[in-house]
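Examination of the molecular architecture
Read off the chains here:
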Amino acid sequence: MKILFIGNSHTYYNELPRMVKELFASVGRRAETVMQTEGGKGIIYHCERKDILYNVRHGDYDVIIMQDKASHFNAEEFAQGVDTLAEKGLSRTDARRIFYMPWAIRSAPEEQGPMTAAYLAAAEKHGVEMAPVGEIWHAILRETPELTDSLYRPDGNHATPLGSYLAACTLFYVLTGRVRPLQPKDDDALITRLELDGEICRRFHREICRGLRDSRR
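First, a word on what this report is: a plain description of the structure on this page. On a predicted model such as this, the values are computed, not experimentally measured, just so you know.

Comments concerning the overall build of the protein chain
Tallying secondary structure elements over the protein chain gives 11 helices and five strands in all. On C-alpha atoms alone, the protein chain measures out to a radius of gyration of 16 Å, which is about the 17 Å that the 2.2 N^0.38 rule sets for 217 residues. Projected onto its principal axes, the C-alpha coordinates of the protein chain cover approximately 45 × 40 × 35 Å. Counting across all 217 residues of the protein chain, residues that qualify as buried make up 53%. In the protein chain, 74% of the contacts between residues at least 6 apart in sequence involve partners at least 24 apart. Total accessible area on the protein chain stands at roughly 10100 Å², and carbon and sulfur atoms take up 47% of it. On the protein chain, the mean spot of the 29 positive side-chain charges and the mean spot of the 31 negative ones are 5 Å from each other.

Structure (structure tokens):
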């Protein structure tokens, strides 16, 4: 599976595409990931980049994953960016198209609702699939707020390696369509490389699968 990631620091922090690739490898599947990102930029910026438009149209990707900024998220700009990107490139590709919805900043969790609504509206309008990372992220924190420092970096915006693992796992389940959670062992290669807590990771897999089931109802 050849995957193009279009986004910003919520994609390139902690090498999230590499995590997705390693999750595929853990179940004996191959994924090739390409990343085109720029910090602090949303889709409305990327849709004006000729290199991205060319890559979307002619890169022969199986999947294109798109992600807007989370800090200072602007629903109108997001909708305009998606409309423009669809007009200039997305409508000319047969690739699966997936929105990677990020999480609201730590100091304003109430912003997740409007962000989710904007993503859902754009997904319905353009026939794009959804990876509701932000919704699952905040659902986990509502149940276990003590994990807040484990998911957010000190800037209150970006993810720690554990937070990016949560995002990568959500993308993995959406991409594969798998409904049963993985049960990675403590010595799993990815968990070991990132120095993560195996029990927390296994819990994330369960919560993600449950959250995705609920979002499909």
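Here's the deal with the pattern of salt bridges
Per the stated rule, a full pass over the model turns up 16 salt bridges. The closest approach of N and O atoms between E22 and R18, which form a salt bridge, is 3.8 Å. Linking E22 with R18, this pair stays in helix α2 (residues 16–26), spanning four residues, or about one helical turn. According to the relative accessible area criterion, E22 is partly exposed, its value standing at 22%. Classification of R18 by relative accessible area gives partly exposed; the value is 36%. We note a salt bridge from R49 to E38, for which the minimum N-O separation is 3.9 Å. You can see R49 sitting in the loop between α3 (43–46) and α4 (50–58) and its partner E38 sitting in the loop between β2 (32–37) and α3, a full 11 residues away along the chain. Within the structure, one salt-bridge network assembled from shared partners comprises E15, R18, E22 and R193.

A closer look at the sheet that holds β2
Within the open sheet, the five strands sit side by side as β2-β1-β3-β4-β5. Their pairing is parallel. The strands lining the two open edges of the sheet, one partner per strand, are β2 and β5 (129–131). Adjacent strand axes in the sheet meet at a mean angle of 25° when their direction is disregarded. Where strand β1 (residues 2–7) and β2 come together, six bridges link them in parallel fashion. Paired with L4 across the two strands is V34, which belongs to β2. Running at roughly 170° to strand β4 (residues 96–100), helix α6 (residues 112–126) makes contact with β4 and β5 of the sheet. Sitting on the sheet, helix α9 (residues 161–176) is in contact with β1, β3 (63–66), β4 and β5, with an inclination near 155° to β4.

Calculation notes
- Residues numbered from 1 in each chain as written.
- Predicted model: local features only at pLDDT ≥ 70, side-chain atom pairs only at ≥ 80, totals over all residues.
- Heavy atoms only, no water.
- Helix = DSSP H or I, 4+ residues; strand = E, 2+ residues; numbered from the N terminus.
- Rg over C-alpha atoms; globule rule 2.2 N^0.38 Å.
- Buried < 20%, exposed > 50% of the residue type's maximum accessible area, 1.4 Å probe, protein only.
- Contact = heavy atoms within 4.5 Å.
- Areas by Shrake-Rupley, 256 points an atom, 1.4 Å probe, with all protein chains shown as cover.
- Lys, Arg positive; Asp, Glu negative; His and termini not counted.
- Charge placed at Lys NZ, Arg CZ, Asp CG, Glu CD.
- Salt bridge = Lys/Arg side-chain N within 4 Å of Asp/Glu carboxyl O.
- Pairing = 2+ DSSP bridges.
- Axes fitted to C-alpha atoms, helices over the stretch in contact; angles between N-to-C directions.

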